[in-house]
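Observations on the three-dimensional arrangement
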Amino acid sequence: MLAFVARRLAFAVVTVLVAVLISFLLVHASDTTPGAVRLGAGATAADIAAENARLGWDDPLWQQFGDYLAQLVRLDLGTSLIDGRDIEADLASRLPVTASIAVLATLLSGVVGVLLGVTAAVRGGRLGKAISTGSGIALSLPQFWVGVLLVYVLSLQAGLLPATGYVPFSTDPGRWLQSVALPVLALTIGGAAIVARTSAASMREVLGAEHIRTLRATGTPEWRIRYVHALRSAAVPVVAVLGIQFIALFGGSVIIENLFALPGLGQASQAAASSGDFPALVGVVVVATVVVVLVNLLLDLVTAALDPKVRAA
Amino acid sequence: MNRSRTTTGVAFAAVAAFGLTACGGGSGGGSSSQSAEGTLTVAFDADAAPTGYDPLLYSQGQFTFFSSMYDALWETDTDGVSQPSLATGYTNSADNLQTTITLRDDVTFTDGSSLDADLVKANLERRTDADLTAYGAFAAGGASEITDVAVTDPQTVVITWAAPQATPENTLVDTQGTIVGPDGVADPDTLETTPDGSGAYTLDADASTRASSYTVTKNADNWDADSWSYDTIVFTVITDAQALANAVVSGQADVATILDPSTIDLVESRQKTVSVGGTIVGFPVTDKTGAINPAFGNVEVRQALIYATDRQALVDDLHPGARATSQLFPEGTAGFDAAVDTEYAYDPDKARQLLADAGYPDGIEVNLTVLGQPDEDAVAIQAQWAEVGITLTFVTATSTDQAFAAVSTDPILFGPFGIGANPAGFVAGVVVGGFMNLQQAQDPDISAALGASLGTTGDTQAQALTQLNTLLTERGWYVPVYEDFTYAGYNADSVGEPSFAGTNNYLVLSAIQPA
């Protein structure tokens, strides 16, 4: 197990490095420079050149990359070209917003999806078909549209939940939950549908496997067969789907954050990209990559714990 | 089998529990305002401080935000009248070339220093900084060029103008008249992260997230603290038009501005709105010398754009409620002349003739930079112009930096411009002395009319304003399309009706009161 963890850790570090390198090279391939961004449209070419030199933009690429990596090791993401703000502090305040929505939506998708999927597989019949059809419909609904619909029904019409904004957990846990409820629900509907379909298919397959028949033959209680033995085996693909789900939710937060006016990483990346704020943009990429890699690592470990074959691979 | 039923039940219970828990906390979900404890929440459709807290980097429209942390020499009230703020009054010389301003003596800045004449002088000396949008008219060559600022005593400053300024209170007002504290003036880079003003509120940096929300808290010791109603003001940035409307409808914002016209019905169905005209949508001609596109050096070509634009059709099809216009000055302002709309109405034959007279019988090609997709107005006008031989090509900017740079790379721009209650000031600071004229093109007639508009009063000024307005269309310095209305939504349960600064399209923040 230790060797497995070491391999995954090494892979995680390499993944982060590659992501940083790619974003670094993309920034350098753009048709503008940090000096031009910092000084604005009215700056002369000479002023821009001088600013670029001051910022180290003219140094060899390998040197700039090395400097940036050294900066990252010190957990320093630099300052914004636009307004000089500390990027690390800015992203630290935004990370909980995106993370709380992505984590809650993933967890809720997992719980609801597994419950529905297992029910569909175990009960079958009309209920199973209804769950299958319902999840198919839910899968085809765009998240943005679901969000708009939820806002209209639960906020504008019923007045139950706030339509926009974010309240930090530390300020008021109750209002925090209110503020993330609609975005989480909007993301959960599609997410739970994917998990339900995956868990239903996986559960059906496992319930027909030889070792399950053997357990039945030995007189193992049916509930234990279903919810301990079969569910454990069926959980491996579900965990993989949840991992992908989290990555998709975390990386694709721009639309939902705009719809609900949430001050998260998606909003920061949009602002950084549109203003050419290179350090802020690379900072978002770094933070997002680290989070995704860490979650992947966690899921790998969970999968390994569930399935000994994975550890041996 | 019972277990399975239980599983299904748990699944639905989980969803229900989440919803109920979410609904149960706090004080009643989204239907209640957050302003119950002395907090006013104002939602903006764009970031009010995208490049930091130097108010002079911005135009008048941002004064709603900056007025919480900064004071100006004069500030526009809800009737559109300039009222003394940091200034207590002024006298003009007989020729209107010198203005002597007296200052308050009880004003303190966030850096601990006091307002005096030296500080006002230091502020106005920054007019040489080309990045300061607010000072475009004060810089050399500007229509309200300041040639000298002298300190005669600690509370008196004398400003010398290059051309007569009969109503300096309309020039040194709101953003243009904002005074930054000594630390900010000495090192403007510090303003990127730290405001330095004398306003009734100070920024709570810990409770603010750049481009998302800004929280300011009241300084009870401020000289003007009693004029403000709220202990805390939260400014939120909601760039999605629908989300902005949702915020005021469901109570997360007490006031939301600027509402997109498509959301007005929604807001008015549950809350209330206020509106003001004064926004002229159109094409500023940035290349009046022909340096970018030689065709634009001909006044006939620029006039052809005006005659080729079917404004009324565009308003009828896309903007019911707006007003088609061929002039820069909004209806109701001094200088507005209905005859200009008639004289420069849609006439495609005349547009073709003008192009031919200018030597372009086969038409011209025009580039227009857009950020993302061109809006529906630009697309409609593209088709109208094509009928007379003007080929409008959209160039997609990949960054806001590139979009802003279009003032130097394209012959025209397109967008809504808040002209407001003082069109001459807008012409001085933006059309002639600002980003719409980076080429510093000169037209003696326009300069003379602008000078008279700023340097005279009464009937003489009224005539000069009318002439200035007419000339801007006649010389093709601006291609107006329609006058739009600016809407703000408000939660009538929590705040009284907010007011715009006269016909300016920004709200008077200090005038917002609890319901």
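Heads up: the structure comes first, above all this text.
Calculation rules
- As a convention, each chain's residues are numbered from 1 in the sequence order in which they are written.
- Just so you know, chain letters begin at A and ligand numbers begin at 1, following the order they were written in.
- Predicted model: local features are reported for residues with pLDDT of at least 70 only, side-chain atom pairs are reported and counted for 80 or more only, and whole-chain, interface and lining totals are derived from all residues.
- The side-chain numbers reported here are obtained from all heavy atoms of the structure, hydrogens and water having been left aside.
- Labels follow the DSSP assignment, with helices taken as runs of H or I lasting at least four residues and strands as runs of E lasting at least two, numbered in each case from the N terminus.
- Each residue is assigned to one of three classes by its accessible area relative to the maximum for its type, calculated with a 1.4 Å probe on protein chains only: buried under 20%, partly exposed between the two thresholds, exposed over 50%.
- A contact between two residues is defined here by any heavy atoms of the two lying within 4.5 Å.
- Every radius of gyration here is taken over C-alpha atoms, with the globule rule written as 2.2 Å times N^0.38, N being the number of residues.
- Using the Shrake-Rupley algorithm and a 1.4 Å probe, accessible areas are obtained, with residue cover drawn only from the displayed protein chains.
- In this count, Lys and Arg are taken as positive residues and Asp and Glu as negative ones, while His and the chain termini are left out.
- Charge placement uses NZ in Lys and CZ in Arg. For Asp and Glu, CG and CD serve respectively.
- As used here, the arc belongs to the directions running from the helix axis to the C-beta atoms.
- Paired strands are those between which DSSP finds at least two bridges.
- Note on geometry: axes are C-alpha line fits, over the in-contact stretch for helices, and angles between N-to-C directions span 0 to 180 degrees.
- It is the rotation of the near helix from the far one that decides the hand of a crossing: anticlockwise by less than a right angle makes it left-handed, clockwise makes it right-handed.
- Following the grouping adopted for this structure description, the nonpolar residues are Ala, Val, Leu, Ile, Met, Phe, Trp, Tyr, Cys and Pro, the charged ones are Asp, Glu, Lys and Arg, and the polar ones are all others, Gly among them.
- The rule for a salt bridge is simple: a side-chain nitrogen of Lys or Arg has to be within 4 Å of a carboxyl oxygen of Asp or Glu.
- The patches described consist of residues with a relative accessible area above 30% and no salt bridge, like charges being joined within 9 Å and nonpolar side chains (Val, Leu, Ile, Met, Phe, Trp, Tyr) within 5 Å.
- Pairing of aromatic rings covers Phe, Tyr and the six-membered ring of Trp, with a centre-to-centre limit of 6.5 Å; geometry is then stacked below 30 degrees between planes, edge-to-face above 60, and tilted otherwise.
- We call a charge positioned over a ring when the NZ of a Lys or the CZ of an Arg lies within 6 Å of the ring centre and within 35 degrees of the ring normal.
- Nine residue types can take part in a nonpolar core, namely buried Ala, Val, Leu, Ile, Met, Phe, Trp, Tyr and Cys, and a core is a set of them joined through side-chain atoms within 4.5 Å.

Our focus in this paragraph is the overall build of chain A. Helix and strand content of chain A: 14 helices and 0 strands. Mapped from its N terminus to its C terminus, chain A presents α and β elements in the order α-α-α-α-α-α-α-α-α-α-α-α-α-α. Taking the principal axes of its C-alpha atoms as reference, chain A extends roughly 85 × 55 × 35 Å. Relative to its 313 residues, chain A shows a buried fraction of 48%. A sequence separation of at least 24 residues applies to 71% of the contacts in chain A between residues at least 6 apart.

With that settled, the discussion passes to the overall build of chain B. Secondary structure assignment for chain B yields 15 helices and 17 strands. Against the globule reference of 24 Å for 515 residues, chain B gives a C-alpha radius of gyration of 25 Å, in line with a compact fold. Considering only C-alpha atoms, chain B reaches an extent of 90 × 65 × 35 Å along its principal axes. Looking at chain B residue by residue over its 515 residues, the buried ones come to 56%. Carbon and sulfur atoms form 49% of the exposed surface of chain B, whose accessible area is close to 19,400 Å². Placing the 17 positive and 66 negative side-chain charges of chain B at their respective mean positions leaves the two points 7 Å apart.

Residues and elements named next belong to chain B. By the criterion of burial, helix H13 (residues 423–432) is predominantly enclosed, with 10 of the 10 residues buried. For H13, the set of buried residues is Pro 423, Ala 424, Gly 425, Phe 426, Val 427, Ala 428, Gly 429, Val 430, Val 431 and Val 432. Where the residues of H13 are buried, they touch strand E16 (415–418), helix H14 (444–455) and helix H15 (458–474).

A few words now on helix H10 (residues 348–357) of chain B. An α-helix turns once per 3.6 residues; consequently, residues spaced three or four apart project the same way. Residues and elements named next belong to chain B. Taken together, the buried positions of H10 are occupied by Pro 348, Ala 351, Leu 354 and Leu 355. Each buried residue of H10 sits inside an arc of 115 degrees when the element is viewed along its axis, so together they form one side. Residues of H10 that are buried in the fold lie against helix H7 (299–307), strand E14 (364–371) and strand E15 (390–397). One or two steps after H10, the chain reaches Gly 359, where phi turns positive at roughly 95 degrees.

Moving on, we come to the sheet that holds strand E5 (residues 98–103) of chain B. Residues and elements named next belong to chain B. The 4 strands are arranged E4-E5-E7-E6 in an open sheet whose pairing can be described as antiparallel. Looking at strand neighbours, the two that pair on one side only are strand E4 (87–92) and strand E6 (146–153), the edges of this open sheet. In this sheet, adjacent strand axes meet at a mean angle of 20 degrees when their direction is disregarded. Where E5 and strand E7 (residues 156–161) come together, 5 bridges link them in antiparallel fashion. Following the sheet pairing, Ile 101 is matched in E7 by Val 157. Taken strand by strand, helix H3 (residues 117–124) contacts E5, E6 and E7, and its axis lies near 170 degrees from that of E6.

Residues and elements named next belong to chain A. Contact geometry of helix H5 (residues 87–123) with helix H8 (residues 173–207) gives a least axis separation of 4 Å together with a crossing angle of 35 degrees. For the pair H5 and H8, the crossing hand works out as right-handed. Here the residues of the contact of H5 with H8 are counted per class, giving 23 nonpolar, 8 polar and 1 charged.

This part is about unusual backbone geometry. Thr 257 of chain B connects to Ile 258 of chain B through a cis peptide bond whose omega is 5 degrees. Among the secondary structure elements, Ile 258 of chain B is positioned in strand E11 (residues 255–259). Located in the positive-phi region is Leu 75 of chain A, a residue other than glycine, with phi close to 60 degrees. Locating Leu 75 of chain A in the fold gives a position in the loop between helix H4 (61–73) and H5. Accessibility expressed as a relative area gives 62% for Leu 75 of chain A, which makes it exposed. At Ala 261 of chain A, a residue that is not glycine, the phi angle is positive and equals roughly 50 degrees. Assignment of secondary structure puts Ala 261 of chain A in the loop between helix H11 (253–259) and helix H12 (265–275).

This paragraph deals with the pattern of salt bridges. All names here are of chain B. Going through the model one piece at a time under the given rule, you end up with 17 salt bridges over all chains. Measuring nitrogen to oxygen at the nearest pair gives 2.8 Å for the salt bridge that ties Asp 349 to Arg 352. Of the two residues, Asp 349 and Arg 352 are both situated in helix H10; the distance of 3 residues between them amounts to about one turn of the helix. Taking the relative accessible area as the measure of exposure, Arg 352 reaches 36% and is therefore partly exposed. Note that Arg 475 is salt-bridged to Asp 443, the shortest N-O span being 3.0 Å. Residue Arg 475 is found in the loop between H15 and strand E17 (478–490), and its partner Asp 443 is found in the loop between H13 and H14; the two are separated by 32 residues along the sequence. Accessibility expressed as a relative area gives 18% for Arg 475, which makes it buried. A relative accessible area of 10% places Asp 443 in the buried class.

Here we come to the environment of Gly 38 of chain B. One can find Gly 38 of chain B in the loop between helix H1 (2–24) and strand E1 (39–44). Not counting residues up to four positions away in its chain, the partners in contact with Gly 38 of chain B are Tyr 230, Asp 231 and Thr 232 of chain B.

Residue and element names in this part refer to chain A. A contiguous nonpolar patch, built from Ile 137, Leu 141, Trp 145, Leu 149, Tyr 152, Val 153 and Ile 189 and spanning about 610 Å² of accessible area, is present on the exposed surface. It is helix H7 (residues 143–157) that provides the largest number of residues to the nonpolar patch, a total of 4 residues. Note on placement: Ile 189 falls in helix H8.

This next bit is on the packing of aromatic side chains. Residue and element names in this part refer to chain B. Tallying each qualifying case throughout the model produces 20 aromatic pairs over all chains. Plain terms: the ring middles of Tyr 135 and Phe 138 are 5.4 Å apart, the flat faces sit at 45 degrees to each other, and that makes the pair tilted. By the burial criterion, Tyr 135 is buried, and Phe 138 matches it. Three or more aromatic residues joined by ring pairs make a cluster, and in this case those are Phe 44, Tyr 53, Tyr 58, Phe 65, Phe 66, Tyr 70, Tyr 214 and Phe 235. Lys 288 extends its terminal NZ or CZ atom over the ring of Trp 477, reaching a point 4.7 Å from the ring centre.

Another aspect to go through is the nonpolar core. Residues Phe 65, Ile 233 and Leu 328 of chain B are the most contacted members of the largest nonpolar core, which totals 86 residues. When residues in this core are grouped by element, the largest group, 7 residues, is from H13 of chain B. Residues in contact with Phe 65 of chain B, not counting those within four places in the same chain, are Phe 44, Ala 48, Ala 49, Tyr 53, Tyr 214 and Phe 235 of chain B. The next biggest cluster of nonpolar side chains, apart from the first, holds 79 residues, and it includes Val 184, Leu 259, Ala 261 and Phe 278 of chain A.

Everything listed is a geometric property; what it means functionally is a separate question.
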